[in-house]
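In case you want the letters, here they are:
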Amino acid sequence: MKWIYLFLGDPKKHSLEHRLFNTVSLVNGLLNLFGVFGVLYLENYLILIALNVGSGLLMLVMYYLSRVKSIYFSLYWPFNLTILFYLSSMWFFNGGSLGGNHYYLIPALVIALILIRNHNVFIVYSIYILIAASLYTVEFYHRDWVTTYETDLDRYLDAGGNYLFVQILTGILIFILSRNLNVERKKSESLLLNILPEPIAEELKKEARVIPKRYESASVLFCDMAGFTKIAEKMNAEELVGELDTIFREFDRLCKKYHLEKIKTIGDAYMAVGGIPKENKTNAVDSVLCGIAFQSYMAEQKEIHALRGREFWEIRLGIHVGPLVAGVVGIDKFAYDVWGDTVNTASRLESSGVSGEVNISAQVYEEVKSFFECESRGLVSIKNKADIEMYLVKGFLPEYADTINPKLPNDLFKRLYESGALFV
């Protein structure tokens with residue numbers, strides 16, 4: 001794969017049109033040079049060799065300019081005019097339509113349309129139709145202008161060779177186009193899956209819409225940086241975005257590890273949900289495990305930054321479990337989102353949380369108390385809601401805790417968690 005990218009361009013760095021131009025110019029240039037061996041038996045082979053070599057080298061120069069110098073858009077018409085000049089010359093010096101030169105006009109038009117991008121389709125079609133009609137007309141009225149074959153055998157050999165050559169060229173073009181379209185399709189699907197969960201993306205592709213779905217038990221995790229503004233004021237924009245990007249990349253990885261679906265980031269806030277779009281019974285435990293991992297990562301980063309004499313954030317984190325509705329909203333820049341009182345409560349738990357701790361509601365506590373050691377905070381007053389009973393997750397219960405670090409699971413918990421035996 002690397003050698004293909006070396007010659008034709010990397011899909012991550014080069015557009016589809018750019019890669020297609022690289023490919024078509026390279027293939028056509030090489031085929032024209034190899035075409036020299038197919039005309040050696042003809043009487044006027046020197047002229048035909050000159051046409052093949054000249055056009056082949058010119059196309060390879062265009063390939064070089066496109067691949068190495070990244071000049072390709074302005075080469076569209078020079079490339080097409082080179083092809084048309086070559087085909088018109090071969091028409092007159094190599095038997096006209098009797099020699100099968102008209103076969104080449106179809107792949108030539110296909111090449112022009114593959115590379116068309118912002119050029120006018122009507123103009124391209126008109127030029128190719130005009131050239132083809134002109135060649136046939138001139139041949140009809142001035143047959144003496146066309147170099148004919150000495151024998152029928154020469155004519156059949158050349159016509160058959162041209163037909164075979166066009167079939168090979170057409171096959172190569174189809175392969176080039178299908179391969180590049182597959183690459184673009186994978187890129188598009190990858191981008192879509194970075195926006196939407198896979199089942200939702202599949203539904204959107206098939207139905208062109210996503211029906212909102214209610215989940216009776218999903219766990220919502222909210223977190224944000226404590227003292228974000230104060231520390232951010234001491235950093236330039238690039239440093240700030242770089243730090244957030246590093247943190248959120250790790251959060252993304254941990255969400256995947258613990259089967260949570262990242263919903264969105266808003267500034268320094270991060271939101272993920274367990275138990276959607278595929279429902280499960282483990283989402284409360286998954287969310288707590290993810291929350292512990294978030295806090296452990298942030299604590300490690302704070303120690304590393306402290307050794308360098310730099311401040312670093314702590315995060316407040318809240319988790320609540322309950323019913324919610326999930327779906328896709330909007331047409332432009334659409335997003336997979338969740339709604340419901342469960343979401344609002346989780347947000348309040350985060351804002352009422354303790355920095356460096358995993359703050360959970362009583363509902364979450366009831367689902368995870370068999371696995372984690374929790375400390376009651378009692379009833380905590382929150383904005384625009386009745387007081388909520390909250391707990392702090394301090395680590396695993398002794399039978400599930402690592403002997404060295406109680407906040408890490410032991411092998412027994414890992415085996416039971418991975419097998420699903422904890423949730424039977």
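Owing to the predicted nature of the structure, the values given are computational and were not obtained by experimental measurement.

What counts, and at which threshold
- Within each chain, residues carry numbers counting from 1 in the order of the written sequence.
- Reporting in this predicted model follows two pLDDT cut-offs: at least 70 for local features of residues, and 80 or more for side-chain atom pairs to be given and counted; totals over whole chains, interfaces and linings ignore these cut-offs and use all residues.
- Side-chain calculation: all heavy atoms of the structure are included, whereas hydrogens and water are not.
- Counting from the N terminus, the helices are the DSSP runs of H or I reaching at least four residues and the strands are the DSSP runs of E reaching at least two.
- This radius of gyration counts C-alpha atoms alone. The globule rule is 2.2 Å times how many residues there are, raised to the power 0.38.
- Throughout, exposure labels follow a simple rule: accessible area from a 1.4 Å probe, protein chains only, divided by the maximum for the residue type, with under 20% read as buried, over 50% as exposed, and the rest as partly exposed.
- Note on definitions: a residue-residue contact is assigned when non-hydrogen atoms from the two residues lie within 4.5 Å.
- Between N-to-C directions, angles span 0 to 180 degrees; the directions come from axes that are lines fitted to C-alpha atoms, helices contributing only their stretch in contact.
- Roughly parallel here means an angle under 35 degrees, roughly antiparallel means over 145, roughly perpendicular means 65 to 115, and every remaining angle is called oblique.
- Crossing handedness is read from the near helix: turned anticlockwise from the far helix by less than a right angle, it gives a left-handed crossing, and turned clockwise, a right-handed one.
- Polarity classes work like this: nonpolar for Ala, Val, Leu, Ile, Met, Phe, Trp, Tyr, Cys and Pro, charged for Asp, Glu, Lys and Arg, and polar for all others, with Gly in that last group.
- Working rule for helices: expected span equals 1.5 Å times residues minus one.
- Nonpolar core, defined: a set of buried Ala, Val, Leu, Ile, Met, Phe, Trp, Tyr and Cys residues in which side-chain atoms within 4.5 Å join the residues together.
- The rule for pairing is simple: two strands pair if DSSP sees at least two bridges between them.
- Whenever a carboxyl oxygen of Asp or Glu lies within 4 Å of a side-chain nitrogen of Lys or Arg, that contact is scored as a salt bridge.
- Patches draw on residues past 30% relative accessible area with no salt bridge. Two like charges within 9 Å are joined, as are two nonpolar side chains (Val, Leu, Ile, Met, Phe, Trp, Tyr) within 5 Å.
- For the area figures, the Shrake-Rupley method with a 1.4 Å probe applies, and any residue is considered shielded solely by the protein chains shown.

1. As for the overall build of the chain
Of regular secondary structure, the chain possesses 14 helices and 8 strands. In terms of overall size, the chain is more extended than a compact globule, its C-alpha atoms giving a radius of gyration of 33 Å where 424 residues would be expected to give roughly 22 Å. Its C-alpha atoms give the chain principal-axis dimensions of about 105 × 50 × 40 Å. Expressed as a percentage of its 424 residues, the buried residues of the chain come to 47%. Put simply, 68% of the contacts in the chain that link residues at least 6 apart link residues at least 24 apart.

2. Topic: the environment of Gly95
Structurally, Gly95 is set in the loop between helix 4 (76-93) and helix 5 (105-114). Overall, the relative accessible area of 1% leaves Gly95 in the buried class. The spatial distance from the C-alpha of Gly95 to the C-alpha of Leu105 is 15 Å, given a sequence separation of 10 residues. If near-sequence neighbours (up to four positions away) are discounted, Gly95 is found in contact with Met90, Arg143, Val146, Thr147 and Tyr149.

3. Details of the packing of helix 7 (residues 152-195) against helix 8 (residues 198-207)
Closest axis-to-axis distance for the helix 7/helix 8 pair is 8 Å, and the angle between their directions is 120°. The pairing of helix 7 with helix 8 is recorded here as oblique in orientation. Here helix 7 and helix 8 pass one another in a crossing that is right-handed. Packed against helix 7, whose contacting residues are Glu189, Leu192 and Leu193, the element helix 8 presents Glu198, Ala201 and Lys205 at the interface. A per-class count over the contact of helix 7 with helix 8 returns 3 nonpolar, no polar and 3 charged.

4. Some points on helix 11 (residues 283-307)
Every α-helix carries 3.6 residues per turn, so stepping three or four residues along brings you back to the same face. Between its first and last C-alpha atoms helix 11 spans 36 Å; for 25 residues at 1.5 Å apiece the expected length is 36 Å, and the two agree. Count one or two residues on from helix 11 and you reach Gly309, which has phi positive near 75°.

5. A word on the nonpolar core
One finds Phe251, Phe294, Trp313, Ile360 and Phe372 to be the most contacted residues of the largest nonpolar core, which totals 50 residues. Sort the elements by how many residues they give to this core and helix 11 lands first, with 10 residues. In this structure, Ile49, Tyr72, Leu84 and Trp91 belong to the second largest nonpolar core, which totals 41 residues.

6. A look at the pairing of strand 7 (residues 372-382)
Of the pairings in the sheet, the one linking strand 7 to strand 8 (residues 385-396) comprises 9 bridges and is antiparallel in character. Residue pairing in the sheet places Phe372 in a bridge with Phe396 of strand 8. Hairpin remark: strand 7 followed by strand 8, antiparallel, with 2 residues in the connecting loop; positive phi at Asn384, about 60°.

7. Some thoughts on the pattern of salt bridges
Applying the stated rule across the entire model yields 14 salt bridges. Residue Glu243 is joined to Arg310 by a salt bridge in which the shortest nitrogen-to-oxygen separation is 3.0 Å. Highlighted residues: Glu243 in helix 10 (residues 237-257) and Arg310 in the loop between helix 11 and strand 4 (314-329), separated in sequence by 67 residues. The network of salt bridges with shared partners includes Asp224, Arg316 and Glu350.

8. Quick notes on the pairing of strand 1 (residues 213-226)
Most of strand 1 sits inside the fold, with 10 of its 14 residues counted as buried. The sheet contact formed by strand 1 and strand 4 spans 12 bridges and is antiparallel. Of the residues in strand 4, the one forming a bridge with Met225 is Ile315. Two elements, strand 1 and strand 3 (residues 269-274), share 6 bridges in a ladder whose sense is antiparallel. Looking across to strand 3, one finds that Phe222 is bridged to Met271.

9. Concerning the environment of Phe79
Relative to the elements of secondary structure, Phe79 occurs in helix 4. Here Phe79 falls in the buried class, since its relative accessible area comes to 1%. Considered as a pair, Phe79 and Met62 are 17 residues apart in the sequence and their alpha carbons are 7.5 Å apart. Not counting residues within four places of it along the chain, the set of residues in contact with Phe79 comprises Phe21, Val24, Ser25, Asn28, Met59, Met62, Ile111 and Leu115.

10. Overview of a nonpolar patch on the surface
The grouping of Leu30, Phe34, Phe37, Leu40, Tyr45 and Leu46 at the surface amounts to a nonpolar patch, some 640 Å² of accessible area in total. Those elements that place two or more of their residues in the nonpolar patch are helix 2 (16-34) and helix 3 (45-67). Secondary-structure assignment places Leu46 in helix 3.

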